[in-house]
Amino acid sequence: MHRRTFLKATGAATVGVTAVGAASAAPDRERYRPGGPALGQPNAINLNAFHTNAQLTAALESIARQSGRVSLRERGRSAGRNDPIWEVQVGGGDVDVHLVTQIHGDEAIGTEAALKLIRRLGLSDSRQVDHILENLSFTIIPRVNPDGAMYRYDVDGDGGKERVGRRYNTQAWTADQSRYRPYYHYDPDGQAPGYDMNRDFNVRPPSEFDPRTDDDAAWWADEQYLDMPYEGHTLFGSGLRLAPEVRAVTESFMETNPDYAITHHHKGGSLYPGSDEGKRPTKQTLMSVMAAYGPEYLDRSPFYPADHAPVSEAVNPFLDAETSARSIKLNSLVIEALAERGDSVFDSITRYGYFPLWGSYLDGLCPNVANGGDGVAGMLYEVAYQTDDLGQKAFGRQLELTTVGFLESFAALADDPALGEYSVEPYFETPLYGQGIQPR
Ligand SMILES: [Zn+2]
């Protein structure tokens, strides 16, 4: 075992910080930190252009009213604001896709893209949409973090509170929730406390694990980092499922029992590898993808062998060969579908070097323990946040392109739901994101 060198998660206030993390490519415990200097998301931008929770509700209800094929369900309520967490279902195909966006409240583009997607799938009569809905069924949670999405903070010190959003929900930790306050709970001076919810998932379903009654001393012994023993592995940084939003997403996932799981995040900007070699203008990578995979691809993991790290720190040992290949091919499909568009927005896709993050949606849920370990192929994608640089018009165009690009990806998945025509190679041939791992 290598020694842990990471800092305790008592980081300074992060709202308003624009630093882009320059994390090294080597795996280290810093990656698990819920915030602090390596936050990675430029925020402190004006979120007034994005749907408020009330506007999102109104928009979803309007689509559901107009469409005969969209169903809308309140899956739960946020911890702080008690705002609804909506789940949308559309499509009648045999292949189930679970899609969640804005689990980090300062990452709003996913919700806007999901809403456009829902509107298109719900209201369009195009042949493309018909084809998608005949083959795929979608369960979409378009805003996992209503508290963070609406978070207000006095960024500029003028005494007013600007809507800037933040990564965390709004929730105090109390001693009746769990034995210790977990490392991903954030309680800064002058701000409401809350959880980084993409650290709060757990691979064991609720019927097998309850943090109020679980008394396995071995993994509670490290109160900060929660090394959960499971099936012969140690799952470093497991979550306790303390946020009601995370419990809602977990229930949605368990009931859907999906074939594919997709989650959207924002990333800091980064140059496309090699694009600064005398070329002007240099090219930024605007989108990065990541596939979750298991031991069959261990030798292709950028983080293995690393210091004799356990397998569970380089790949997800609960994803079998078929699921792993399908997950990687799903990423290949998106890379190819978007590259074919030829838009400059999409010809600079990079990938993250995959490592498991045991409290995350992707790694906590894709093993699908609740449904007998019927593995789910997963993809994470992140887009660069450029609203403040590009302005609203350019943002609107980028959002439209993203929506169209994803419709084309889903059309390709509808053509070939088992991904038999795809290979893992385009994924592995895609350049690694230059600055290493960003928080997700
Ligand atoms: Zn994120």
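Above: the structure in question.
Note that this is a predicted model, so its numbers are computed, not measured. (Residues numbered from 1 in each chain as written. Predicted model: local features only at pLDDT ≥ 70, side-chain atom pairs only at ≥ 80, totals over all residues. Heavy atoms only, no water.)

### Thoughts on the coordination of the zinc ion
Coordination angles at a metal have ideal targets, namely 109.5 degrees for four tetrahedral donors and 90 or 180 degrees for six octahedral donors.
Here comes step 1: With distances of 2.0 to 2.5 Å, the protein atoms coordinating the zinc ion are His104 (ND1), Glu107 (OE), Glu107 (OE) and His265 (ND1).
Here comes step 2: For the zinc ion, the four donor atoms are set out with angles of 54 to 144° between them, so the coordination reads as irregular.
Here comes step 3: Site description for the zinc ion: donor spacing in sequence, H-x2-E-x157-H. You can see His104 sitting in the loop between β3 (95-101) and α2 (109-123) and its partner His265 sitting in strand β11 (residues 260-267), a full 161 residues away along the chain. Each member of the pair His104 and His265 is classed as buried. (Donors = N, O, S within 2.8 Å, 3.2 Å for Na, K, Ca; no water. Tetrahedral: all angles 85-135°; square planar, octahedral: opposite > 155°, others 65-115°. Helix = DSSP H or I, 4+ residues; strand = E, 2+ residues; numbered from the N terminus. Buried < 20%, exposed > 50% of the residue type's maximum accessible area, 1.4 Å probe, protein only.)

### Details of the packing of aromatic side chains
Geometrically, a pair of aromatic rings is defined through the distance of the ring centres and the angle of the planes.
Here comes step 1: In this structure the tally under the stated criterion is 16 aromatic pairs.
Here comes step 2: Seen in terms of ring centroids, Tyr293 and Phe428 are 5.9 Å apart; in terms of plane orientation they differ by 65°. Their pairing is edge-to-face. Placement of the pair is Tyr293 in the loop between β14 (287-291) and α7 (321-339) and Phe428 in helix α10 (residues 425-429), with a sequence separation of 135 residues.
Here comes step 3: Taking the centre distance of 5.1 Å and the plane angle of 65° together, the rings of Tyr352 and Tyr433 count as edge-to-face. Linking Tyr352 in the loop between β15 (350-351) and α8 (361-365) with Tyr433 in the segment after α10, this pair joins segments that are 81 residues apart in sequence. Considered together, Tyr352 and Tyr433 belong to a single accessibility category, that of buried residues. (Phe/Tyr/Trp six-rings, centres within 6.5 Å; stacked < 30°, edge-to-face > 60°.)

### Section: α2
The α-helix winds at 3.6 residues per turn, so residues separated by three or four positions along the chain end up facing the same way.
Here comes step 1: Taking 1.5 Å of rise per residue, 15 residues should cover 21 Å, and α2 covers 21 Å from first to last C-alpha, within 8% of that figure.
Here comes step 2: Burial within α2 is extensive, with 11 of its 15 residues counted as buried.
Here comes step 3: Every buried residue belonging to α2 is among Ile109, Gly110, Thr111, Glu112, Ala113, Ala114, Leu115, Leu117, Ile118, Leu121 and Gly122, and all of these are buried. (Expected span 1.5 Å × (residues − 1).)

### Regarding the side chain of Ser252
Here comes step 1: Its place among the elements puts Ser252 in helix α6 (residues 244-256).
Here comes step 2: On the basis of relative accessibility, which here comes to 0%, the residue Ser252 falls in the buried class.
Here comes step 3: A distance of 2.8 Å separates the side chain of Ser252 from the side chain of His98, its partner in a polar contact.
Here comes step 4: If sequence neighbours within four positions are ignored, Ser252 has contacts with Arg75, Glu87, His98, Thr139 and Ile141. (Polar contact = N/O pair within 3.5 Å; in protein donor to acceptor, adjacent residues only side chain to side chain. Contact = heavy atoms within 4.5 Å.)

### Description of empty space enclosed by the protein
Here comes step 1: Scanning the model with the defined rule gives seven cavities of 30 Å³ or more in all.
Here comes step 2: In this structure, the largest cavity spans a volume of roughly 100 Å³.
Here comes step 3: Lining the largest cavity, in full, are Leu99, Thr101, Gly110, Ala113, Ala114, Leu117, Ile262, Tyr381, Thr402, Thr403, Phe406 and Phe410.
Here comes step 4: Of all the elements in the fold, those that place two or more residues in the lining of the largest cavity are β3, α2 and α9 (387-415).
Here comes step 5: Residues that form the lining of the largest cavity fall into these classes: eight nonpolar, four polar and no charged.
Here comes step 6: Of the pockets and cavities examined, the second largest cavity occupies roughly 70 Å³.
Here comes step 7: For the second largest cavity, the lining is made up of 14 residues, of which Val203, Met254, Leu365, Val369 and Ala370 are closest to its centre.
Here comes step 8: Contributing elements (two or more residues each) for the lining of the second largest cavity: α6 and α8.
Here comes step 9: Counting residues per element, the lining of the second largest cavity draws most heavily on α6, which supplies three residues. (1 Å grid on protein atoms, 1.4 Å probe; cavity = no way out; pocket = protein on both sides within 12 Å on 5 of 7 lines; lining within 4 Å. Points joined across faces, edges and corners; volume = space filled by probe spheres on them. Nonpolar A, V, L, I, M, F, W, Y, C, P; charged D, E, K, R; others polar.)

### Side note on α6
Here comes step 1: Its 13 residues place the ends of α6 18 Å apart at the C-alpha level, agreeing with the 18 Å of an ideal helix rising 1.5 Å per residue.
Here comes step 2: Taken together, the buried positions of α6 are occupied by Glu245, Val246, Ala248, Val249, Thr250, Ser252, Phe253 and Thr256.

### Concerning the sheet that holds strand β16 (residues 377-384)
Here comes step 1: Spatially, the eight strands line up as an open sheet ordered β1-β2-β4-β3-β11-β16-β14-β15, and their pairing is mixed. The two strands at the open ends of the sheet, each matched to only one other strand, are β1 (70-77) and β15.
Here comes step 2: Sheet topology places β14 next to β16; five bridges connect them, and they run antiparallel. Following the sheet pairing, Val289 is matched in β16 by Tyr381. (Pairing = 2+ DSSP bridges.)

### Re the layout of surface pockets
Here comes step 1: Of the volumes computed, that of the largest pocket is approximately 240 Å³.
Here comes step 2: Considering the residues around the largest pocket, the lining is formed by 13 residues, among which Asp210, Pro211, Arg212, Arg241 and Arg247 are closest to the centre.
Here comes step 3: Partitioning the lining of the largest pocket into residue classes produces five nonpolar, three polar and five charged.

### A closer look at unusual backbone geometry
Here comes step 1: A positive phi angle, near 45°, is found at Asn257, a position not held by glycine.
Here comes step 2: Note on placement: Asn257 falls in the loop between α6 and β11.

The values are spatial; any link to function lies outside them.
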